[in-house]
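If you want the building blocks of each chain, they are given just below.
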Amino acid sequence: QVHLVESGGGLVQPGGSLRLSCAASTNAFRIYNLGWLRQAPGKEREFVSAISYDGVNTYYADSVKERFTISRDNAKNTVYMQMNDLKPEDTAIYYCAADSNSAYVIQGRSDSWGQGTQVTVSS
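What counts, and where the lines are drawn
Residues numbered from 1 in each chain as written. Predicted model: local features only at pLDDT ≥ 70, side-chain atom pairs only at ≥ 80, totals over all residues. Heavy atoms only, no water. Pairing = 2+ DSSP bridges. Helix = DSSP H or I, 4+ residues; strand = E, 2+ residues; numbered from the N terminus. Axes fitted to C-alpha atoms, helices over the stretch in contact; angles between N-to-C directions. Buried < 20%, exposed > 50% of the residue type's maximum accessible area, 1.4 Å probe, protein only. Disulfide = S-S within 2.5 Å.

Student: Teacher, can you tell me more about the sheet that holds strand 1 (residues 3–7) here?
Tutor: Strand pairing within a sheet occurs via backbone hydrogen bonds; the two strands may be parallel or antiparallel. Strand order in the open sheet made by the four strands is 1-3-8-7, with antiparallel pairing throughout. Each of the sheet's edge strands pairs with one partner strand only, and the pair in question is strand 1 and strand 7 (68–73). Neighbour to neighbour, the strand axes of the sheet diverge by 15° on average, direction disregarded. Relative to strand 3 (residues 18–25), strand 1 is paired through five bridges, and the arrangement is antiparallel. If you follow S7 over to strand 3, its bridge partner there is S21.

So this is what it looks like as structure tokens:
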């Protein structure tokens, strides 16, 4: 239902930082819960972070907690994820997701997905 376009990925050294952005094309951005999931080659997709429609509640996978921060700007129809202290294990394609049901975002069952942006952490 929502067209999502991720950007901001790239190559970074371990310990470095990146900020991912996801722009949404929708006239109902404020009702959507948003999140980020990632998938590394040969591995299953995993949940990374999520934020509620009003920005009050955030959720993080244990592996990224204290390092990644999700935020949203409803005026710009954009969700962000600041990634600090990146590790090689963070290397993956990162996808943005949106759904009116927050649980679906966390579970990877969202109706809307972006095409992904590649994050590579390597020295």
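Student: In this structure, what is going on with the environment of A75? I would like to understand it.
Tutor: With respect to the helices and strands, A75 occurs in the loop between strand 7 and strand 8 (78–83). In this structure A75 comes out as exposed when scored by relative accessible area, which is 69%. Once the C-alpha coordinates of A75 and V105 are considered, the two residues, 30 residues apart in sequence, prove to be 21 Å apart.

Student: Got a minute to help me understand the state of the cysteines in this structure?
Tutor: As used in these notes, a disulfide is a covalent bond between sulfur atoms, one from each of two cysteines. The full count for this structure, using the stated rule, is one disulfide. Here C22 pairs with C96 through a disulfide, and the sulfurs are 2.3 Å apart. Because the torsion about its S-S bond is -90°, the bridge between C22 and C96 counts as left-handed. Placement of the pair is C22 in strand 3 and C96 in strand 9 (residues 92–99), with a sequence separation of 74 residues.

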